[in-house]
Amino acid sequence: MNMKLKIAVVQFRINQYNPEDNLERMEFFIKKASNKADIIIFPEDFLSGGLNDEKIIELADTKGKYKCIFQKFAKKYNIDIVAGSIIEKNRIGNFNVCYYIDSTGKIKGRYEKINLWLTERKRIIPGNKICVFNTRFGKVGLVICWDLMFPEIFRKIVKKGAKILFCPCLWYKSEDFKPYKKYNIDRERDNVNALCITRAEENNIVYIITNAVGNLMTSGGCLDEAIGHSQITVPILGILQKIGYKTEKMFIQEIDTDILKCAEKAYEIRKDLKNRILY
């Protein structure tokens, strides 16, 4: 199914540990995108920022409160929402969760982050299922942040038929990381830009990633800066639109998924994947 759709990408400056303020600003951006975009996406942990042990106890959602608020916003403003990610707690533990909610308020997808960042592993339980589901725009998949580093999850999602992948991130600059200080303090920025183009090309997908900006306390207890570089990439064309470093901003980009049909004719990636036993 080929079509045109408009996606609003929000590069968000998180007011750390203040979910009520961040919810108000979330609604501001949703209202701004309403009637202009079909889908809007927010960053990982956008309601609270990175959480240490104390803040997880205080701020993790145990009753589905935020999920219900996202559903209310989707219906009120008639827009599909990729609701960044939030920390949800149940009897098993804490999970880093992303919801896709359509414009009627229906939950179409719920994804528990599989590939956790190093400091997350002390507090968060990894998910174990990929997330692919049907929408009015075709099959969609969800990943979160550090998943970007692992091509296997993308292959599995693509084999399930997803054409559009959304990736909320909270990706830091990490200038104090010893290898980066020694060799390349811009390594994380370079990683994100290179991997976004690569994942779109090698999987024949529309890939949407959004990140936060500003200084935040990380889940590891250090002050760091989120690097932004929110972008949409597709095969052949590469980056369609990108927000730079430090700026809180929303852009709306029209996507014509016919580019995927053209890329498949050129590369036959999806055809080859159907016959592979390695994935």
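See above for the structure.
Here the structure is a predicted model, which is why all the values come from computation and not from measurement.

Thresholds, definitions, all that
- Residues numbered from 1 in each chain as written.
- Predicted model: local features only at pLDDT ≥ 70, side-chain atom pairs only at ≥ 80, totals over all residues.
- Heavy atoms only, no water.
- Pairing = 2+ DSSP bridges.
- Helix = DSSP H or I, 4+ residues; strand = E, 2+ residues; numbered from the N terminus.
- Axes fitted to C-alpha atoms, helices over the stretch in contact; angles between N-to-C directions.
- Contact = heavy atoms within 4.5 Å.
- Buried < 20%, exposed > 50% of the residue type's maximum accessible area, 1.4 Å probe, protein only.
- Phe/Tyr/Trp six-rings, centres within 6.5 Å; stacked < 30°, edge-to-face > 60°.
- Lys NZ or Arg CZ within 6 Å of the ring centre and 35° of its normal.
- Polar contact = N/O pair within 3.5 Å; in protein donor to acceptor, adjacent residues only side chain to side chain.
- Salt bridge = Lys/Arg side-chain N within 4 Å of Asp/Glu carboxyl O.

K.L.:
Can you help me understand the sheet that holds strand β13 (residues 231-234) in this one?
P.N.:
Within a beta sheet, neighbouring strands are joined by backbone hydrogen bonds and run either parallel or antiparallel to one another. Overall, mixed pairing links the 6 strands, which are arranged β7-β8-β9-β10-β13-β14 in an open sheet. Because the sheet does not close on itself, it has two edges, and the strands there are β7 (131-135) and β14 (238-242). Going across the sheet, the axis of each strand differs from the next one's by a mean of 20°, ignoring polarity. Strand direction decides the pairing type here: strand β8 (residues 138-142) and strand β9 (residues 164-168), joined by 3 bridges, are parallel. Note that in β9 the partner of G141 across the bridge is L165. Helix-sheet contacts for helix α6 (residues 187-203) involve β10 (206-210), β13 and β14, and the interaxial angle to β13 is about 35°.

K.L.:
Just to check I follow, could you spell out the pairing of strand β5 (residues 94-101) for this structure?
P.N.:
Taken residue by residue, a regular strand's side chains alternate between the two faces of the sheet. In terms of burial, β5 is a largely internal element, 8 of the 8 residues being buried. Neither face of β5 is left uncovered, since the one carrying N94, N96, C98 and Y100 and the one carrying F95, V97, Y99 and I101 both have all their residues buried. Where strand β3 (residues 80-82) meets β5, 2 bridges bridge the pair, whose relative direction is antiparallel. The residue bridging V82 from the neighbouring strand is Y100, located in β5. Of the strand pairs in this sheet, strand β4 (residues 86-89) and β5 are connected by 4 bridges, and their pairing is antiparallel.

K.L.:
Sorry if this is basic, but what is going on with the packing of aromatic side chains here?
P.N.:
Any two aromatic rings considered together are summarised by their centre-to-centre distance and by the angle between their planes. Across all of its chains, the model carries 13 aromatic pairs by this definition. A ring pair is formed by F12 and F46, whose centres lie 5.8 Å apart and whose planes are at 85°; its orientation type is edge-to-face. Here F46 lies in the loop between β2 (39-41) and α2 (53-59) and F12 lies in strand β1 (residues 4-13), a separation of 34 residues in the sequence. Of the residues examined, F46 reaches a relative accessible area of 0% and is grouped as buried. On the numbers, 4.8 Å between centres and 75° between planes, the contact of W117 with W146 is edge-to-face. One end of the pair, W117, is in the loop between β6 (107-112) and β7; the other, W146, is in the loop between β8 and α4 (151-159), with 29 residues separating them in the sequence. Its guanidinium or amino end placed over the ring of Y17, K55 lies 4.8 Å from that ring's centre, counting from NZ or CZ. Against the face of F154 rests R199, its NZ or CZ located 5.6 Å from the ring centre.

K.L.:
Hey, could you run me through the environment of T210 in this one?
P.N.:
Here T210 shows up in strand β10. The buried category is assigned to T210, whose relative accessible area is 0%. Spatially, the C-alpha atoms of T210 and K242 are 9.4 Å apart, while their sequence positions differ by 32 residues. Beyond its immediate stretch of four places on either side in the chain, T210 contacts V9, V10, Q11, I41, F42, P43, C167, P168, C169 and S230. Reaching out from T210, the side chain makes a polar contact with the side chain of S230 at a distance of 3.3 Å.

K.L.:
Teacher, can you tell me more about the pattern of salt bridges here?
P.N.:
Pairing is possible between side chains of opposite charge, provided their charged atoms come close. Tallied over the full model, the rule gives 16 salt bridges. K65 is paired through a salt bridge with E20; the nearest N and O atoms lie 3.2 Å apart. Placement of K65 in helix α3 (residues 65-77) and of E20 in helix α1 (residues 19-33) is noted, with a sequence separation of 45 residues between them. With its nearest N and O atoms 3.7 Å apart, the salt bridge here joins D186 to R189. Looking at D186, the relative accessible area reads 27%, which means it is partly exposed. Classification of R189 by relative accessible area gives partly exposed; the value is 32%. Three or more residues joined by partner-sharing salt bridges are found here, namely E44, K113 and E120.

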